[in-house]
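# Understanding the architecture of this molecule
Residue-level listing of the chains:
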Amino acid sequence: MIATPDRTPLAREFFDRPVLEVAPDLLGRVLVRTTPDGPIALRITEVEAYDGQNDPGSHAFRGRTARNGVMFGPPGHVYVYFTYGMWHCMNLVCGPEGRASAVLLRAGEVIEGAELARKRRISARNDKELAKGPARLATALDVDRALDGTDACSPDDPPLTVLTGTPVHSDQVRNGPRTGVAGDGGVHPWRFWIADDPTVSPYRAHVPRRRRT
């Protein structure tokens with residue numbers, strides 16, 4: 001049983017809004033990943049907004065590609081990308097179709113199916129670390145590129161869906177620069193998190209990668 005007062009799935013209209021409205025409103029919502037072994041449910045505690053072609057930090061800043069096509073809509077779909085040749089990260093597409101924007105899910109609290117998440121996150125020292133960071137979150141939920149394009153608002157029992165959960169009061173929402181974003185995109189205070197939540201990941205500024213000599 002998911003420990004939340006409202007199990008109603010979020011409607012597509014929830015995501016069909018500007019990314020800077022959707023991002024903080026996702027805090028406290030519950031993401032459910034249905035696997036063959038059972039469900040894993042996660043209370044979202046940290047997110048980042050990416051505003052497409054208006055945002056130098058976005059994958060869609062320079063236009064549409066085969067990799068980022070899902071970001072261009074429809075809203076309510078899942079955008080999954082592979083990074084550093086090792087990790088997957090999960091986003092929820094929002095805004096009107098044709099205008100690329102998405103919310104990166106950075107961290108959460110596993111509230112159901114922790115035993116399944118632990119099998120995938122064997123290096124986690126405790127349950128607070130199971131989904132503490134975007135790559136850890138995707139790993140804990142068994143999310144990879146095979147789920148790219150999933151319609152999280154489908155009525156047909158999708159493998160990923162978002163429940164209403166318990167929205168966080170604005171007094172408990174904090175915001176600041178996004179983690180690891182370079183250049184002009186690094187100044188936007190578009191990272192949102194629940195104040196004092198132990199599952200929120202630490203902020204890290206962008207560090208240029210050194211070329212091998």
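For clarity, every value in this text was computed on a predicted model and none was experimentally measured.

## Remarks on the nonpolar core
In this structure, Phe15, Leu26, Val47 and Leu105 are the most contacted members of the largest nonpolar core, which totals 42 residues. Tallying contributions element by element places strand β2 (residues 38–50) first for this core, with five residues. Not counting residues up to four positions away in its chain, the partners in contact with Leu105 are Leu26, Leu31, Ile44, Glu46, Val47, Met90, Leu92, Pro134 and Leu137. If you look at the next biggest cluster of nonpolar residues, it comprises 13 residues, including Tyr79, Val93, Ala100 and Val181.

## Re the pairing of strand β3 (residues 78–83)
A regular strand carries its side chains on alternate faces of the sheet. Among the six residues of β3, five are classified as buried, and the element is accordingly described as predominantly covered. The pairing of β3 with strand β4 (residues 87–93) spans six bridges and is classified as antiparallel. When the bridges of β4 are listed, Tyr81 appears paired with Cys89. Between β3 and β4, which pair antiparallel and follow one another directly, the connecting turn spans three residues, one of which, Tyr84, has a positive phi of 55°.

## Observations regarding unusual backbone geometry
The general pattern is negative phi for most residues beyond glycine and trans for most peptide bonds. Here the bond from Gly73 into Pro74 is cis, since omega is 5°, no more than 30 degrees from zero. A positive phi angle is found at Asp157, which is not glycine, with a value near 50°. A relative accessible area of 73% places Asp157 in the exposed class. Residue Asp196 is not a glycine yet carries a positive backbone phi of 65°.

## Things to note about the layout of surface pockets
By volume, the largest pocket is sized at about 1,300 Å³. With four residues, the top contributor of residues to the lining of the largest pocket is helix α4 (residues 134–140). One number sums up the size of the second largest pocket: a volume of about 220 Å³. Lining the second largest pocket we find 14 residues, and of these Val32, Thr34, Asp157, Thr161 and Leu163 sit closest to its centre. Secondary structure elements with two or more residues in the lining of the second largest pocket: β1 (30–35) and β6 (160–163). For the lining of the second largest pocket, the per-class residue count stands at seven nonpolar, three polar and four charged.

## Some thoughts on the environment of Ala107
Its location among the elements puts Ala107 in strand β5 (residues 102–112). For the pair Ala107 and Leu42, spaced 65 residues apart in sequence, the C-alpha to C-alpha distance is 9.0 Å. If we skip the residues at most four places from it in the chain, Ala107 touches Arg43, Ile44, Thr45, Glu46, Ala131, Lys132, Gly133, Leu137, Thr199, Val200 and Ser201.

Calculation criteria
- Residues numbered from 1 in each chain as written.
- Predicted model: local features only at pLDDT ≥ 70, side-chain atom pairs only at ≥ 80, totals over all residues.
- Heavy atoms only, no water.
- Core = buried A, V, L, I, M, F, W, Y, C linked by side-chain atoms within 4.5 Å.
- Buried < 20%, exposed > 50% of the residue type's maximum accessible area, 1.4 Å probe, protein only.
- Helix = DSSP H or I, 4+ residues; strand = E, 2+ residues; numbered from the N terminus.
- Contact = heavy atoms within 4.5 Å.
- Pairing = 2+ DSSP bridges.
- 1 Å grid on protein atoms, 1.4 Å probe; cavity = no way out; pocket = protein on both sides within 12 Å on 5 of 7 lines; lining within 4 Å.
- Points joined across faces, edges and corners; volume = space filled by probe spheres on them.
- Nonpolar A, V, L, I, M, F, W, Y, C, P; charged D, E, K, R; others polar.

On their own, these measurements won't tell you what the molecule is for.
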